[in-house]
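Fold and contact review
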Amino acid sequence: MLLIRAALGGRGPGLGLTPARRALSTLTGGDLGSQEQALTTGLPSPGAVPLLRRCELPVPVHRTPVQAWVESLRGYEDTRLGLADLHPDVFEVPPRLDILHEVAIWQKNFKRISYAKTKTRAEVRGGGRKPWKQKGSGRARHGSIRSPIWRGGGIAHGPRGPTSYYYMLPMKVRVLGLKVALTVKLMQDDLHVVDSLELPTSDPRYLSDLFRHRCWGDSVLLVDVDEEMPQNIVSAVSNLKTINLVPAVGLNVHSMLKHQTLVLTLNTVAFLEKKLLWHDNRYTALYPFHLPYSDFP
Amino acid sequence: MQLGSGAVRGGGGARSSPSRVSAVMAAFSGLHSSCGWLARTILRTPRRALWSQNRKKEEEVKVPERAVEIKEEPILECPPPRSRKYVPPEDLQSRVESHVKGVFGTCTNNNWQETSLEESRLKFFLLAQLAEEFGHVVPNSRLHEMRSVRDVVHFYSIPVQDGTKFDEISSRQLPSNLKITWDY
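All values reported here derive from a predicted model rather than from experimental measurement. (Residues numbered from 1 in each chain as written. Chains lettered and ligands numbered in written order. Predicted model: local features only at pLDDT ≥ 70, side-chain atom pairs only at ≥ 80, totals over all residues. Heavy atoms only, no water.)

**Focus: the overall build of chain B**
- What chain B contains, in helices and strands, is eight helices and zero strands.
- In chain B, the succession of α and β elements from N to C terminus is α-α-α-α-α-α-α-α.
- Per-residue burial for chain B yields a buried fraction of 27% across its 184 residues.
- Taking all contacts inside chain B whose residues are at least 6 apart in sequence as the whole, residues at least 24 apart take part in 56%.
- Total accessible area computed for chain B in this model is approximately 12600 Å², and 55% of it derives from carbon and sulfur atoms. (Helix = DSSP H or I, 4+ residues; strand = E, 2+ residues; numbered from the N terminus. Buried < 20%, exposed > 50% of the residue type's maximum accessible area, 1.4 Å probe, protein only. Contact = heavy atoms within 4.5 Å. Areas by Shrake-Rupley, 256 points an atom, 1.4 Å probe, with all protein chains shown as cover.)

Laid out in structure tokens, this is it:
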């Protein structure tokens, strides 16, 4: 499979890995026999099997799913392995930039605790006695040497102790923020769907060359469902600064905006659709969500 | 004495022959009382001899490894970057029509442009074939807009330039009173 790409690499973008070759290679496990056959085939025949993904959850009648090409990281020309349908209520919501801003600012601030603290005139050492008598000395009248107008005195309206900026946006707002971010990424051609995160080598240069060849941008966020990912990609990404790998539960609006490209696997797309669509039709929570619900995804 | 023996062990390792090691150690034991530089010079010569022995062995081992590495490189060699420029060809309609007939069969003869692309499998085949033919892919953001073949033809009739508007303006012939400064 990889030998073909090297041989045909100079001939242009069109002659890459076609679905026929991909199907053959996956069926035979990339043997030399399949490679020789695939060298002779040209355009994909209608008998080949593309990787098609349908939406598992029902799509509203009046809307049609959005679509994305299914690609692969196994080779440089492994684009267009199939078509994935994406649910319109997750990947085609109205672009609410105000919600994106709200959620991004919330993410930045809710963890913030500012530890700044200054002493008031009561806490500064000293200053209990009147420095000189009220009348007769010719100087201005003062009550203590640590009042805020004095040098070395307390601060009148300074920061008072550790301040927490914790607040929680409603869960549905945060969910909508994720949906809007996914929509924006798709509609600006920065979202790519991949069948899985398997690589032929653990060389970080291969990954960066691949992304540069496909013009996927400077920074890429790869998302998989479980925390257990193929060893090749983990070791490749650990040596790269601008390419990052997160599990699906770690997907957030700030990361999506920070990285130029977002790469989701098919399993991740299913996971996200299931989790994000449940909130559209749910009852309000009678008890916190960390306690068991029968239908919580 | 201890230092000399330790250094010899570090330099030769397990590869040195036992007779050589014993000879060197005997030499060291005799010269322990002499100057440090003498001991160092004697240290150097047997080490070089030891290393030359080892070098031959390492070269023999390295050759088959290098052959394997060279085989792997062209497989993962990055293909040259391709330009995103696309100019719609003149026979666009006929080419698209032939692909449509190839994928959908000759069902609709009269209005092949109205063929709907609702079925994902046929849509995928058509779009993949057109992408290979023209070298220009429908991006993810516009895939859902391709409802019928007419939309596809409209998409492929739009030319795409590689480069910014700025480059385009600067490459054209400018009027005499307009100048573009590159470094500002």
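Now, onward.
**Regarding the pairing of strand β2 (residues 82-86) of chain A**
All names here are of chain A.
- With respect to burial, β2 is a largely interior element, five of its five residues being buried.
- Neither face of β2 is open: one carries Gly82, Ala84 and Leu86, the other Leu83 and Asp85, and all of them are buried.
- Two elements, strand β1 (residues 66-71) and β2, share five bridges in a ladder whose sense is antiparallel. Paired with tryptophan 69 across the strands is leucine 83, a residue of β2. (Pairing = 2+ DSSP bridges.)

**Digging into the environment of A:Ile105**
- Mapped onto the secondary structure, A:Ile105 falls in helix α5 (residues 97-109).
- Once the C-alpha coordinates of A:Ile105 and A:Tyr165 are considered, the two residues, 60 residues apart in sequence, prove to be 11 Å apart.

**Quick look at the packing of aromatic side chains**
- Counted according to the given criterion, the structure contains 17 aromatic pairs over all chains.
- Their ring planes at 70° and their centres at 6.4 Å tell us that B:Tyr86 and B:Phe134 sit as a pair that is edge-to-face. Residue B:Tyr86 is located in the loop between α3 (36-75) and α4 (92-104), and its partner B:Phe134 is located in helix α5 (residues 120-134); the two are separated by 48 residues in the primary sequence. The two residues B:Tyr86 and B:Phe134 agree in class, both being buried.
- An aromatic cluster of at least three residues, connected via ring pairs, comprises A:Trp278, A:Tyr287, A:Phe289, A:Tyr293 and A:Phe296.
- Geometry around A:Tyr165 places A:Arg112 over its ring, the cationic atom sitting 4.2 Å from the centre.
- One residue, A:Arg139, lies across the ring of A:Trp132, its end atom 4.0 Å from the ring centre. (Phe/Tyr/Trp six-rings, centres within 6.5 Å; stacked < 30°, edge-to-face > 60°. Lys NZ or Arg CZ within 6 Å of the ring centre and 35° of its normal.)

**Looking at the pattern of salt bridges**
- For the structure shown, the criterion picks out 17 salt bridges over all chains.
- Of the charged contacts in the structure, one is a salt bridge between A:Asp98 and A:Arg96, with a shortest N-O distance of 2.8 Å.
- Looking at A:Asp98, the relative accessible area reads 40%, which means it is partly exposed.
- With its nearest N and O atoms 2.9 Å apart, the salt bridge here joins B:Arg95 to B:Glu133. In this pair, B:Arg95 is assigned in helix α4 and B:Glu133 in helix α5, connecting sequence segments 38 residues apart.
- Classification of B:Glu133 by relative accessible area gives partly exposed; the value is 34%.
- One salt-bridge network, in which partners are shared between bridges, spans A:Arg63, A:Asp89 and A:Glu92. (Salt bridge = Lys/Arg side-chain N within 4 Å of Asp/Glu carboxyl O.)

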